[in-house]
Amino acid sequence: MAHLLSLHVFLSSHAQETSPKPLKLPKRINKFNTSISTAKKALVSPSHKTHKLNLEVSPHRAVSAVRLMRIQFGGAFADLLNEKGKGSGDNEMGYVERTLGFRPRDLDDRDLRLVTDIVGGTIRWRRYLDHLIGSLCHDESMFRSMEPLLLQILRIGFYEIVKLNMPPYAVVDENVKLAKVALRPGAGNMVNGILRKLVLVKENNTLPLPKLEGDDRSQARALATLYSHPVWMVRRWTKYLGQEEAVKLMMWNNSDPSYSLRANSAKGITREDLVMQLNSLKVPHEVSLHLDDFVRVKIGLQNVIRAGLLKEGLCSVQDESAGLVVSVVDPQPGEDIIDCCAAPGGKTLYMASRLRGKGRVHAIDINKGRLRILGETAKMQKVDDVVVTIHADLRNFADNNVMKSDKVLLDAPCSGLGVLSKRADLRWNRRLEDLEQLKNLQDELLDAASTLVNPGGVLIYSTCSIDPEENEGRVEAFLVRHPEFRIDPVDRYAPSDFVTKQGFYFSDPVKHSLDGAFAARLVRTS
């Protein structure tokens, strides 16, 4: 769902569109025997080694290894790395120094691009890479007991050789050097032996990959390895989409993400103004075919960040699929709109800009910190005059308040299965059991949001999921519980290509080359 910075302005417009709403779920048990707490300690505690500058070790590999450690064990997002090598608000080189015991040279532009590519790609292809690593180890126990940093170095080497097609012996040499300096000589020797095996089997075109054969379960396991997704996702998508479409979806999720920029009309910035800025920065772009304020960029977002366009509030990073949800809401000047799960506020801010200084968006959220960011960003984007933040659990708020509106948006917490291209780590942080918890929460929030809708008003339910049980399934269940609501087809508000037979909005990642998203308009008749 997104790979570039820790700037809170960027996150305020971007995180909501590329990651599902926060939900506390049971902690996972790590498949490796190595203690997670030990790995976490290595990320935050000063190393016993003498900290010094090391000019011999490849800086992008050192930073990538530590960032991968932070993502797997420290919960850092896979999409946070800015132009100075800083992530999640802390100095990236500080993490490297504390974890590895030395500091590499500063990252140049090429290094930054490589870190972005290697971190995102290694996370996406983790299951595939681990299968290869395990197959080329002496035995499975060697792989299962491998220390976390050594495993990350091997993953980087395998990704560089197999997916990036870098010169193999340079990759071997550099990763061996990193393992020897960051760990010990013996670790370097192990990396050398395993990577050289990989080079040999790749040159002989005999990579030890599973064959697509056997019953449905066997084929799902093979596809999960070949396209690097959890087995449960493969089985679920094969059930709903068929195997061919499931493979296309996984290929999309594994592709390099593209981003969209929204020109901030509240500051008087038009898309033409934004295009001029991008031209001056030599950032390749395409104007959106669906939304007048949006421009797509595949590469060059670093240049946009460095130029200060986000920090100055001239534009926001927001996927067109999220912008089209706002089109389904159809905010008009003078309206009062309730945004039920608003923070950090991508859709809130876009709705506010479309009010043109007249009306209100009442932004409700349970997370006080994210709500504070929303308020700060609203000021920066000059829409704070129409945004009112309310810190509350929607379920309690609906029980204890008399506020009503003709338009209520519930952008619900969801699995985020529509944004796996941008949120590379998310596929490994979701379980099938999570969907049941999410569906229950979505039902509770829909019931609460429905009480805020005036007779004749509309409730818009949206997600960044492609799963029918989170989308159509929740709407169908809601209408059974609430016969006072009916479906209002979205064909007046969204391009026909995005309108389903049931009258819902749906962005299909494979079909539309956008994040997956869903929205339904539900009118209260009495």
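These figures come from a predicted structure and were not determined experimentally.

1. Regarding the overall build of the chain
Looking only at helices and strands, the chain has 22 helices and 16 strands in total. Across the 526 residues that make up the chain, the buried fraction comes to 58%. Looking at the chain as shown, the accessible area adds up to about 21,400 Å², and 51% of this sits on carbon and sulfur atoms.

2. Section: the sheet that holds strand E6 (residues 286-287)
Pairing within the open sheet is antiparallel, and its four strands lie in the order E6-E7-E5-E8. The open sheet has two edge strands, E6 and strand E8 (315-317), and neither has a second partner. Relative to E8, strand E5 (residues 259-263) runs antiparallel, the two being bridged by three bridges. Bridging from a neighbouring strand, Ala 263 pairs with Cys 315 of E8. Taken strand by strand, helix H14 (residues 271-280) contacts E5, E6, strand E7 (294-297) and E8, and its axis lies near 25 degrees from that of E7.

3. Quick word on the packing of helix H6 (residues 126-136) against helix H11 (residues 216-226)
Following both chains from N to C, one finds H6 and H11 inclined at 95 degrees, their axes separated by 6 Å at the closest point. When the axes of H6 and H11 are compared, the pair comes out roughly perpendicular. Contacts between H6 and H11 involve Arg 127, Tyr 128 and His 131 from the former and Ala 224, Thr 225 and Leu 226 from the latter.

4. Description of helix H3 (residues 59-74)
The terminal C-alpha atoms of H3, which comprises 16 residues, lie 21 Å apart, in line with the 22 Å expected from a rise of 1.5 Å per residue. Burial within H3 is extensive, with 14 of its 16 residues counted as buried.

5. Thoughts on the state of the cysteines
Considering all chains together, one arrives at zero disulfides under this definition. No disulfide involves Cys 341; its sulfur sits 6.3 Å from that of Cys 340, the nearest cysteine. When its relative accessible area of 10% is taken as the criterion, Cys 341 is described as buried.

6. Digging into the side chain of Arg 262
In this fold, Arg 262 is placed in strand E5. Despite its burial, Arg 262 pairs with no opposite charge, the nearest such side chain being Asp 293 at 5.9 Å. At a separation of 3.0 Å, a polar atom in the side chain of Arg 262 contacts the side chain of Gln 318.

7. Points about unusual backbone geometry
Residue Pro 344 is bonded to the preceding Ala 343 through a cis peptide linkage, with omega at 0 degrees. Following the sequence through the fold, Pro 344 ends up in the loop between strand E9 (336-339) and helix H17 (346-354). Positioned with a positive phi, Lys 282 is a non-glycine residue whose angle comes to about 60 degrees. Relative to the assigned elements, Lys 282 resides in the loop between H14 and E6. The exposure class of Lys 282 is exposed, given its relative accessible area of 74%. Despite not being glycine, Arg 356 shows a phi value in the positive range, around 55 degrees. Along the chain, the position of Arg 356 falls in the loop between H17 and strand E10 (360-365). You can call Arg 356 exposed: its relative accessible area is 66%.

8. What to know about the nonpolar core
In terms of nonpolar packing, the biggest core is built from 58 residues, with Leu 100, Phe 158 and Leu 178 touching the most fellow members. Within the residue set of this core, elements represented by two or more residues are H3, helix H4 (92-100), helix H5 (109-124), H6, helix H7 (140-144), helix H8 (148-162), helix H9 (168-182) and helix H10 (185-203). At ten residues, the largest contribution of residues to this core is made by H8. In terms of nonpolar packing, the next biggest core, distinct from the first, is built from 34 residues, Leu 355, Val 386, Val 458 and Ala 519 among them.

9. Brief notes about the pairing of E10
Extensive coverage of E10 is indicated by the burial of five of its six residues. Looking at chain direction, E9 and E10 are connected through four bridges and run parallel. Residue pairing for E10: Asp 336 is matched across the bridge by Arg 360. Remark: the E9/H17/E10 crossover connection has right-handed handedness. Examined bridge by bridge, E10 and strand E11 (residues 387-391) share five bridges and lie parallel to one another. Bridge pairing in E11 links Ile 364 to Ile 390. What joins E10 to E11 is helix H18 (residues 368-380), and the crossover it makes is right-handed.

10. Some remarks on the environment of Met 69
Turning to its location among the elements, Met 69 is positioned in helix H3. The exposure class assigned to Met 69 is buried, which follows from its relative accessible area of 3%. Put simply, Met 69 and Pro 148 are 79 residues apart on the chain and 7.3 Å apart in space, counted from C-alpha to C-alpha.

11. Considerations on H6
Turning to H6, its buried residues are Tyr 128, Leu 129, Asp 130, Leu 132, Ile 133 and Leu 136. In the core, the buried residues of H6 are packed alongside H5, H7, H8, H10 and H11.

Here is what the cut-offs are and how they apply
Residues numbered from 1 in each chain as written. Predicted model: local features only at pLDDT ≥ 70, side-chain atom pairs only at ≥ 80, totals over all residues. Heavy atoms only, no water. Helix = DSSP H or I, 4+ residues; strand = E, 2+ residues; numbered from the N terminus. Buried < 20%, exposed > 50% of the residue type's maximum accessible area, 1.4 Å probe, protein only. Areas by Shrake-Rupley, 256 points an atom, 1.4 Å probe, with all protein chains shown as cover. Pairing = 2+ DSSP bridges. Contact = heavy atoms within 4.5 Å. Axes fitted to C-alpha atoms, helices over the stretch in contact; angles between N-to-C directions. Parallel < 35°, antiparallel > 145°, perpendicular 65-115°, else oblique. Expected span 1.5 Å × (residues − 1). Disulfide = S-S within 2.5 Å. Lys, Arg positive; Asp, Glu negative; His and termini not counted. Salt bridge = Lys/Arg side-chain N within 4 Å of Asp/Glu carboxyl O. Polar contact = N/O pair within 3.5 Å; in protein donor to acceptor, adjacent residues only side chain to side chain. Core = buried A, V, L, I, M, F, W, Y, C linked by side-chain atoms within 4.5 Å. Right-handed = clockwise from strand over helix to strand, strands pointing away.

From the geometry alone we can't say anything about function, so treat these as descriptive.
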